[in-house]
Amino acid sequence: MYDQLRFDYLSCAGHPHLETPNFDRVAARGVRFTNAYVQSPVCGASRMSFYTGRYVSSHGAQWNGFPLRVGEHTLGDHLRKAGMDCWLIGKTHMKVDAEGMARLGLAPDSVIGARQAECGFDVWIRDDGLWGEGPDGFYDEKRSPYNEYLKSRGYEGQNPWADFANAGIDAGEKASGWMFDNADKPANIREEDSETPWLTSRTIEFIDQAKAPWCAHVSYIKPHWPYIVPAPYHEMYGPNHVPAAMRSEKEREDPHPVYGAFMGNKIAAAFQNDEVRRKVIPAYMGLIKQCDDQLGRLLDYLEETGRLDDTMIVLTSDHGDYLGDHWLGEKDLFHEPSVKIPMIICDPRPEADATRGTVCDALVESIDLAPTFVEAAGGTIPDHILEGRSLSPWLRGETPDWREIVISEYDYSVTPMRASLGVSSRDARLFMVFDGRYKLIHAEGGFRPMLFDLATDPDEFDDLARWDTHGAEIERLYQHLARWGRRMAQRVTRSEADIEAMRGRSARRGILPFLKDGSEVPEELTQAYRGPVGQDHTASSGKEGA
């Protein structure tokens with residue numbers, strides 16, 4: 001998983017300048033899914049859906065820093081049940097439910113407590129990769145293995161992540177990657193010590209000692225901001241490689257109130273500046289190029305050690321990056337650059353030979369990976385818990401009966417946009433329903449919807465819900481949203497098989513209410529209640545003390 005990697009910034013996806021031969025190498029050995037969507041465009045919420053196989057409103061961790069409640073089933077729980085270990089290498093964005101663990105008496109240093117605190121993973125190495133430091137201390141108060149590594153390599157100071165890995169030099173002064181003006185400078189670090197090679201080395205160390213079967217979540221922080229990259233990657237691309245922003249003036253003419261609020265935030269304001277885009281996007285491309293080179297290093301290692309032929313490889317991201325498209329930055333709303341992700345799966349088994357090097361345009365959700373992995377591990381998919389669907393049939397070249405829509409959710413209750421719109425935190429929620437052509441965005445709080453037709457308007461410039469011309473499509477998609485909202489999301493302690501087995505169990509154990517004479521049920525069920533009487537106590541009833 002590459003943090004904040006856009007679906008269209010790969011050469012196999014048609015990028016005009018960025019060559020990613022190692023992403024392409026995996027795509028040539030597997031299937032590239034061209035319509036894969038995250039369940040939320042926010043890091044933490046999206047990752048919790050990947051890890052649980054459940055929609056955001058099902059698992060409840062709807063924003064960064066919202067804890068995943070204790071006891072929520074995770075990929076690690078499902079895979080261990082199938083006999084496969086599940087390891088974390090890199091970032092999770094997991095926030096532990098400390099209150100829930102304390103309530104249940106789970107010690108953080110116990111095996112079960114540690115897994116609860118780490119999204120169900122066993123941890124090889126965790127580094128969430130944002131070691132910001134301000135007047136009130138560090139953004140992340142956990143230890144940073146990467147910072148410790150840098151110190152061991154001779155990088156001085158308390159926070160070499162900020163001073164070297166994510167900063168350049170300008171006239172002898174630190175040129176922090178937090179400032180977009182510095183994005184064109186090389187990071188002040190040896191390339192082999194930067195974050196992406198560091199995590200690749202940790203991954204190889206893990207595989208060297210791992211005992212199969214295992215699943216490794218190799219989670220890179222890049223190409224997520226700060227947008228700064230070491231030499232030589234800082235100068236591989238320039239302003240001539242920056243595409244024109246995919247935006248239109250008509251998007252700013254009487255926009256939907258929520259869209260307008262996001263276009264007015266400071267992130268959007270920065271990316272509306274073309275000079276920012278001319279500096280940031282080449283750095284972003286350099287970060288991706290470095291990711292691709294390190295993927296090649298990992299693939300070569302797997303091939304040299306004979307593991308490439310028995311290892312399933314999945315390349316994906318937790319969300320995209322607007323980069324100024326639609327007058328926005330970051331990944332806040334539901335346009336394609338934000339909510340659509342790369343997803344490439346290479347299944348080494350012979351059953352997948354027929355689909356190697358193909359693309360699949362089925363509507364895929366991030367929650368589909370968890371059941372795919374459970375099936376690959378030889379387990380039974382608990383579909384009363386996992387809300388995604390296994391992608392294995394597509395990998396085998398089959399055409400399964402598939403979903404009609406994808407859903408994504410966004411809770412913006414903690415953002416300044418909620419306050420500017422004057423909505424309550426409970427109403428600061430958005431829902432996307434997309435059927436492959438029409439994309440509906442519903443906003444709680446009494447707002448009208450938004451609607452885009454990607455067949456006639458692939459750039460998503462024309463909000464059709466502003467007029468009365470597409471009422472039938474809006475109604476149809478709202479019906480899909482309503483059916484999705486009525487899904488069985490919380491009956492997770494009993495599977496369909498459990499329920500079937502329970503049916504009639506009480507009768508076979510002698511609980512037989514509402515019978516007139518017993519003939520209504522099989523004779524064997526009343527056998528214990530028939531037969532001659534051993535003792536007759538009715539004759540002496542009422543004669544005590546006579």
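Residues numbered from 1 in each chain as written. Predicted model: local features only at pLDDT ≥ 70, side-chain atom pairs only at ≥ 80, totals over all residues. Heavy atoms only, no water.

Could you clarify how one ought to interpret the nonpolar core in this entry?
It is characteristic of soluble globular proteins that their nonpolar side chains tend to be buried jointly. Core analysis: the biggest nonpolar cluster contains 68 residues, and Phe33, Leu79, Met343, Leu391 and Tyr412 have the highest contact counts within it. Considering every element that reaches this core, the biggest residue donor is helix H10 (residues 257–263), with 5 residues. In this view, Phe33 contacts Met343, Ile345, Cys360, Val364, Leu391, Trp394 and Leu395; residues no more than four positions away in its chain are not counted. (Core = buried A, V, L, I, M, F, W, Y, C linked by side-chain atoms within 4.5 Å. Buried < 20%, exposed > 50% of the residue type's maximum accessible area, 1.4 Å probe, protein only. Helix = DSSP H or I, 4+ residues; strand = E, 2+ residues; numbered from the N terminus. Contact = heavy atoms within 4.5 Å.)

In this structure, what is going on with the sheet that holds strand S13 (residues 406–411)? I would like to understand it.
Within a sheet, adjacent strands bond to each other through the backbone by hydrogen bonds, running parallel or antiparallel. Taken in spatial order, the 4 strands make up an open sheet running S13-S14-S15-S16, and their pairing is antiparallel. Lying at the two open borders of the sheet, with one neighbouring strand each, are S13 and strand S16 (450–453). For this sheet the average axis-to-axis angle between neighbouring strands, irrespective of direction, equals 15 degrees. (Pairing = 2+ DSSP bridges. Axes fitted to C-alpha atoms, helices over the stretch in contact; angles between N-to-C directions.)

Which parts of the structure should I look at to understand the packing of aromatic side chains?
Any pair of aromatic rings gets described here by the distance separating the centres and the angle formed by the planes. In this structure the tally under the stated criterion is 26 aromatic pairs. The ring of Trp327 has Arg252 sitting right over it, with the charged end atom 3.7 Å from the ring centre. If you follow Lys439 out to its NZ or CZ, it ends over the ring of Phe434, 5.4 Å from the centre. (Phe/Tyr/Trp six-rings, centres within 6.5 Å; stacked < 30°, edge-to-face > 60°. Lys NZ or Arg CZ within 6 Å of the ring centre and 35° of its normal.)

In this structure, what is going on with helix H2 (residues 43–52)? I would like to understand it.
Because each turn of an α-helix spans 3.6 residues, side chains separated by three or four positions in sequence point in the same direction. Buried residues dominate H2, accounting for 10 of its 10 residues. For H2, the complete set of buried residues consists of Cys43, Gly44, Ala45, Ser46, Arg47, Met48, Ser49, Phe50, Tyr51 and Thr52. In this fold, the buried residues of H2 make contact with helix H3 (56–59), helix H4 (75–81), strand S8 (214–219), strand S9 (313–316), strand S10 (340–346) and helix H14 (369–376). Note on H2: the residue one or two positions beyond its end, Gly53, has a positive phi of about 70 degrees.

Mind showing me how you'd approach the pairing of strand S15 (residues 438–443) here?
For a regular strand, side chains alternate in direction, first toward one face of the sheet and then toward the other. Burial analysis of S15 places 6 of its 6 residues in the buried class, which makes it a mostly covered element. A two-sided burial pattern is seen for S15, the buried positions comprising Tyr438, Leu440 and His442 on one face and Lys439, Ile441 and Ala443 on the other. Turn length for the strand S14 (residues 429–434)-S15 hairpin, with the two strands adjacent in sequence and antiparallel, is 3 residues, and the turn residue Gly436 shows positive phi of about 100 degrees. Where S15 meets S16, 4 bridges bridge the pair, whose relative direction is antiparallel. Directly across from Lys439, in S16, lies its bridge partner Phe452. Connecting S15 to the antiparallel partner S16 that follows it, the hairpin turn spans 6 residues, and Gly445 within it adopts a positive phi of roughly 100 degrees.

I would appreciate a short explanation of the sheet that holds S8 in the present structure.
With parallel pairing, 3 strands are arranged side by side in an open sheet as S3-S2-S8. Strands at the two margins of the open sheet, each flanked by one partner only, are strand S3 (122–126) and S8. Strand-to-strand twist in this sheet, taken as the mean axis angle between neighbours without regard to direction, amounts to 15 degrees. The pairing of strand S2 (residues 85–90) with S8 spans 6 bridges and is parallel. Within the sheet, the bridge partner assigned to Ile89 lies in S8 and is Val218.

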